[in-house]
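The chain contents come next:
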Amino acid sequence: MEKGEIRINTENIFPIIKKAVYSDHEIFLRELVSNAVDAISKRRMASMAGDCENSDEPQVKITIDRENNILKISDNGIGMNDEEIKKYINQVAFSSAEEFLTKYKKENDEFIGHFGLGFYSSFMVAEKVDILTKSAIGDNKAFNWSCDGSPKFTLEESERDSVGTDVILHLMDEEKEFIEPERIKSLIKKYCDFMPIDVLLEGETINKKNPPWRKQPTELKDKDYIELYKYLYPFQGDPLLWIHLNTDYPYDIQGILYFPKLSGRADWEKGEIKLFCNQVFVSDSIKEIVPKYLLPLRGVIDSTDIPLNVSRSALQTDRKVRSISSFISKKIANKLKDLLKNSPEFYTEIWDSISAFIKIGAIEDEKFADLVENSIIFETIINSEQDIKKYLDDKSLIKSNDKLYTTLSNYKERNNIIDSKKIIYCSDVIGQSSALNICLSDNKEVIKSDPLIDAQFLPWIESKKENYQFQRVDSEINELEDKDSKELVDKDGKSNNQNLKDVISNALKNEKVTVKVQSLTNKNAPPAMILLPEQMRRINDMGAYMEQKMPGLPEYHVLLINKEHPLISGLNKITSNRIIIDEKESVENPLATKIANHVYDMAKLSVGGLDQEQIINLQNNNADLISDLLKSST
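The structure displayed is predicted, hence computed values, not measured ones.

> Break down the pattern of salt bridges for me, with residues and values.
What the rule picks out here adds up to 25 salt bridges. With its nearest N and O atoms 3.0 Å apart, the salt bridge here joins Lys 209 to Asp 198. Here the residue Lys 209 occupies a position in the loop between β9 (204–205) and α5 (222–232), and Asp 198 occupies one in strand β8 (residues 198–201), the gap between them amounting to eleven residues. Between Glu 272 and Arg 298 there is a salt bridge, with the nearest N and O atoms lying 3.4 Å from each other. Pair noted here: Glu 272 is in strand β12 (residues 272–277) and Arg 298 is in strand β14 (residues 298–302), with a separation of 26 residues, a long-range link. Using a relative accessible area of 7% as the deciding quantity, one classes Arg 298 as buried.

Written out as C-alpha cells, the structure is:
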C-alpha cells in the first residue's frame, strides 16, 4: 500500500472545497456523473483505435447504501491504473481545485456553471471518498484510492470484477438527503436527464437521453418539439412557435428556442432558457448570453463554446458569447420573416403574443431592428368593404379572425402618403371612438397601437425614419373639420362659433382648457370631444409610465364643440336670445352654464378623464339639469 500527501499550496483547501460553493453543493452529482460518461466515451474512442475492447452496454450506476450512509457512482468506462490515479486525482484534480477556488474567492461575481469543480466536488458532501478503478488498457489491475478530506491519501491494489470506476462517497451526517432515491432522481432529471448514456438507480434508467436539439430539424416533427416543450415546462400549454439552432462553425451551438404563450407579465430579468454544455444542464439564468429582450423565451441552448468556469461579468464581455448572441437573434429574425411570407395568417394569429419581444428587441438592438423591420405589423381599421377586398387581393393586407393587419410601408402606399409623414393611429377603440368614427367616415385608414409598448415604440420609429410621423385620431382638429361648413355672423359681426366659445369658456372657468367650435365631418359625432395635441399627450403619458401608473387626462387640453349637434344647437338658441328664461337674456344664463358643464363632463367621461368623485358629481349635476329643463318646458 502506498501512502502519500497531495501536493497543494493551500493548506486549508479541503475546508474551502466544502464551503466555497456550498449553496450549490448538489452539483457534485452532476460532476461525478459527467466524469463517468466522459470515461465511457474515452473507452469507446480507445476501442476504435484498437487499444481496448468497448463495453457491450455502457451505463452509469448509482447505488445507495442507506445503512452506512454511502452513495456510489459507478461506470464501465476506461478506468485508471495507479499512475493515472496519481496524475489525474492527486495532481491534476487538486491543482485544478486550488486554482479554481483561489479564483473563486477573489471574484465577487457568481460563476455561471461552477464547471471545473470535477471530482473534488465530492468533498462538499463527503467526509471520505474512495475510488475503486480498473483500467481497460494494460494489465488490468484494480486499485483503490482513499482520502478522508485531508491532504493525505492511500493508494493500493484491490479487486474489481470489471473494467471501470466506482466513486464511493461516505456522506457527512448533514448530507443524508443524498441517499434518498427521490432526491437522486430529481437531481439526475435536473442536470443529467439528456446525457447520452443510461443512468441507473436501483436497476431503473432514470434519465431521458437523446435530446431532440442534437438531431437535425428534418428528423423531427411538430409533435416532437411540442413534447419537449411540455416536458421542460409542464402545465404551460403549447408553444406558439420554435426555432431550431444547429451549427458547428464558427462555434458549436445546438438548441431549440420557443415563443411561449404568456398569460401574465413576461420576466425580462431572469429568463427561463436552459443552458446545457454537452447535454449537461448548467443554468436557467443566462442573461449574460442572450439579449435581454429574448429572456422571456424558453427552451435550450447547448454549447461547448460558452466558458462556464468564469464569472458572469466576464461572460458579458466575451467576444464569442457576443457572437453567439447575435447568431441567435439573426435566427429568430429569419424565422419571423419566413413566417410572415409563407404563413401570414398564422403569423397574425400569434402577433399579439410575440410583438412585445420584437418591438423591445428592435429598440434595444439596432442590428435586430434592421432584420425585423419588415416583419413588424399592426392591426388596422378600414371602413370600406370594397377597399378591404382590393387590398386583400393585392396582398397588402392580411386578414385573420376578422381582423386586418398591415406593415407600415403598405399602409403608406395604400394611403398615398409616400411623400407625407402622417400615420393615423388609435390606442383605445372605445375611449377614442368619437374621433375614430369621424376618421373612418372620411375614408381614412387607422392603425391600432398597443397603449403600453407603442408609447415607446412609435416615437422610436419616428427617431429612425424621417418620413414617419404618428398622429393619434384625437390629436388634431384638421382631420375632423368639415371644410364645406359655412360660418354665420350676428348683427354685431360676431360669429356663432365665437358666441358658443365665449359661453362655454365662461361656464367652465378653466384657463387650461382651450375651447374650439367647429362643424364636424361626421354628423353622428357627439356634442363635444376632448382633443390632445400629440406632443403634449406623449409627454403626459411618458410621465405616467415613469411613475408606473396609467396616464390620465392632461390638465391642458382642447375641448372641441360640434356645433351641428342638436344639444349644441339648443345651447346656441339659449345664448342667442331665442329662448327667454326668467326674463334673463344674458350669456350667464344658469341653464346655459349647466349645459356647458354637462357637455364638458361627458366629453371627459368618454376618455376616462373623471375620477370616482367627479363621476358622482356628474350624476348629481345631470339630475339638476334635467329638472331645470323640465321646469322650463312647463
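> Residue-level account of the sheet that holds β12, with values.
Taking strand neighbours across the sheet as the criterion, the five strands line up as β10-β11-β14-β12-β13 in an open arrangement whose pairing is mixed. The sheet is open, and its two edges are formed by β10 (241–247) and β13 (280–283), each paired on a single side. Taken over all neighbouring pairs, the strand axes of this sheet differ in orientation by 20° on average, direction set aside. Pairing analysis gives seven bridges linking β10 to strand β11 (residues 253–259), with the strands arranged antiparallel. Considered in β11, the bridge of Ile 243 is made with Leu 257.

> Explain the pairing of strand β6 (residues 152–158) residue by residue, including any values.
Pairing between strand β5 (residues 142–147) and β6: six bridges, direction antiparallel. Looking at β6, one finds that Asn 144 is bridged to Glu 156. Taking the residues between adjacent antiparallel strands as the criterion, β5 and β6 are bridged by four residues, where Gly 149 takes a positive phi near 90°.

> Tell me about the packing of aromatic side chains, and please be specific about residues and values.
Summed over all chains, the structure comprises 19 aromatic pairs. Where Phe 194 meets Tyr 231, the ring centres are 6.2 Å apart and the plane angle is 85°; that geometry is what we call edge-to-face. Taken as a pair, Phe 194 in the loop between α4 (181–191) and β8 and Tyr 231 in helix α5 lie far apart in primary sequence, 37 residues in all. The class of Tyr 231 is partly exposed, set by a relative accessible area of 26%. The interplanar angle of 70° and the centroid separation of 5.6 Å between the aromatic rings of Phe 276 and Phe 281 together place this pair among those described as edge-to-face. Given the relative accessible area of 6%, Phe 281 is considered buried. An aromatic cluster is defined as three or more aromatic residues linked by ring pairs; in this entry it consists of Tyr 191, Phe 194, Trp 213, Tyr 231, Phe 276 and Phe 281. Directly above the aromatic system of Tyr 233 lies the positively charged group of Arg 298, at a separation of 5.5 Å from the ring centroid.

What counts as what
- Residues numbered from 1 in each chain as written.
- Predicted model: local features only at pLDDT ≥ 70, side-chain atom pairs only at ≥ 80, totals over all residues.
- Heavy atoms only, no water.
- Salt bridge = Lys/Arg side-chain N within 4 Å of Asp/Glu carboxyl O.
- Helix = DSSP H or I, 4+ residues; strand = E, 2+ residues; numbered from the N terminus.
- Buried < 20%, exposed > 50% of the residue type's maximum accessible area, 1.4 Å probe, protein only.
- Pairing = 2+ DSSP bridges.
- Axes fitted to C-alpha atoms, helices over the stretch in contact; angles between N-to-C directions.
- Phe/Tyr/Trp six-rings, centres within 6.5 Å; stacked < 30°, edge-to-face > 60°.
- Lys NZ or Arg CZ within 6 Å of the ring centre and 35° of its normal.

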